[in-house]
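The lines below spell out each chain.
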Amino acid sequence: MKNSVAVLGIRVCLLFPILFLFSCSSPNKKSAANQTGTKENIHKVDTVTINMMKFNPEILKVDKGDTVIWLNKGMVAHTVKSYRDNKFYSDTLAPGKTWTWVVTDSAAYYCTLHPATMMAKLLLNNK
Amino acid sequence: MKIFKMLTKSAICLVVSTGILSFSANAQKSQKLTDPEIASVAVTANQIDIDYAKIAIKKSKNQQVIDFAKTMEKDHGAVINQAVALVTKLGVTPKDNATSQSLNAQAVKERKALNSKSGKAFDKAYVDNEVAYHTAVINAVENVLIPDATNKELHDLLVSAVPLFKAHLEHAKMLQKSLEK
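Residues numbered from 1 in each chain as written. Chains lettered and ligands numbered in written order. Predicted model: local features only at pLDDT ≥ 70, side-chain atom pairs only at ≥ 80, totals over all residues. Heavy atoms only, no water.

Asks: Tell me about the overall build of chain B, and please be specific about residues and values.
Replies: A tally of helices and strands in chain B yields 7 helices and 0 strands. Order of helices (α) and strands (β) in chain B, N terminus to C terminus: α-α-α-α-α-α-α. Across the 181 residues in chain B, those meeting the buried criterion constitute 49%. Within chain B, counting contacts between residues at least 6 apart in sequence, those at least 24 apart form 80% of the total. Accessible surface, chain B: about 9000 Å² in total, of which carbon and sulfur atoms supply 59%. (Helix = DSSP H or I, 4+ residues; strand = E, 2+ residues; numbered from the N terminus. Buried < 20%, exposed > 50% of the residue type's maximum accessible area, 1.4 Å probe, protein only. Contact = heavy atoms within 4.5 Å. Areas by Shrake-Rupley, 256 points an atom, 1.4 Å probe, with all protein chains shown as cover.)

Laid out in structure tokens, this is it:
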């Protein structure tokens, strides 16, 4: 009986520091999925979903250095092209595919395959 | 609701009479389309626009018209692929019917008319037809095919195709304005 109490005590002592370490590390793991860079220069990662012939969100607030991922969840192929200055022009995005751009400036953009209806904006937070 | 549906079907019959789109009066007036018939109509309607696009890609010299036609060819091809994949999964065989036969008959006439034109006259005829055709297809999908579909997945596929057809219609209207200049 004494032995089993002692074993239980050792197990609790071992388990506590492990649980403590996990509780400390969990929030960091969560934020790493959405942010890149050092503590001084943290950039976020945003996703624009393409579905039902729309970019969602149609207006996305970003900072320079942020990463934007366009995910095509629609039934046909699309593209992502800035209106001016050739800031970016994706490859043709087949359904299920993604395309990524690291933000250098604000930009209004559209789908070259469906130019009459599919348009959206990236706006810099400080503008 | 029944009155609205009757009015809608009457409107489609009116479209038929003007020769814009020949949806069968028999199918629209009284009989509800079955899922195999809806699948056949959906594939036929998409294939018809692919065939128009192929003519435009071959005949037009206007890059905007050619680009639009290439998008029509790819997009409607993608819809057909998804429709075929769905009916294969469901074990449904698309059933030829008066509506799809009527669509094909009208398309034969339209292709003949398009092939008889060239240059700017062809571009105008092609784009005008795309505006009329997509307008009629959207009406038919929204007011006949979707309400008649009984299988949920077929219903959902038709619902998800509507924004695509509306985007095509707006693109065609944009081109129409550009050709007027």
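Asks: Could you give me a rundown of the confidence of the model for chain A, with the residues and numbers involved?
Replies: Averaged over chain A, the pLDDT score is 80; the fraction of residues at 70 or greater is 67%. pLDDT under 50 marks residues 12–33 of chain A. Its contacts with residues more than four places away, or in other chains, come to 0 contacts. (pLDDT = per-residue confidence, 0-100.)

Asks: Lay out the packing of aromatic side chains in plain terms, naming residues and giving numbers.
Replies: All names here are of chain A. In the structure shown here, the tally under the stated rule is 11 aromatic pairs over all chains. Between W70 and W99 the ring centres are 5.5 Å apart and the planes differ by 35°, which places this aromatic pair in the tilted class. Taken as a pair, W70 in strand β5 (residues 67–72) and W99 in strand β7 (residues 98–102) lie far apart in primary sequence, 29 residues in all. For W99, a relative accessible area of 16% corresponds to the buried category. With a centroid separation of 4.4 Å and 50° between ring planes, the pair formed by F88 and W101 is classed as tilted. With F88 in the loop between β6 (81–82) and β7 and W101 in strand β7, this pair connects stretches of sequence that are 13 residues apart. W101 carries the same exposure label as F88, and that label is buried. By the ring-pair criterion, three or more aromatic residues cluster together here, those being F55, W70, F88, W99, W101 and Y109. Over the aromatic face of Y89 sits the side chain of K81, whose NZ or CZ is 5.3 Å from the ring centroid. (Phe/Tyr/Trp six-rings, centres within 6.5 Å; stacked < 30°, edge-to-face > 60°. Lys NZ or Arg CZ within 6 Å of the ring centre and 35° of its normal.)

Asks: Can you break down the packing of helix α4 (residues 63–90) of chain B against helix α7 (residues 152–180) of chain B residue by residue, with the values?
Replies: All names here are of chain B. Close contact between α4 and α7 brings their axes to 11 Å; oriented N to C, the two are set at 170°. Taken together, the axes of α4 and α7 lie roughly antiparallel to each other. Residues Q64, V65, F68, M72, D75, H76, V79, Q82, A83, L86, K89 and L90 of α4 form the contact with α7, whose own contacting residues are E153, L154, L157, L164, F165, H168, H171, A172, L175, S178 and L179. Its residues placed into classes, the contact of α4 with α7 shows 14 nonpolar, 6 polar and 3 charged. (Axes fitted to C-alpha atoms, helices over the stretch in contact; angles between N-to-C directions. Parallel < 35°, antiparallel > 145°, perpendicular 65-115°, else oblique. Nonpolar A, V, L, I, M, F, W, Y, C, P; charged D, E, K, R; others polar.)

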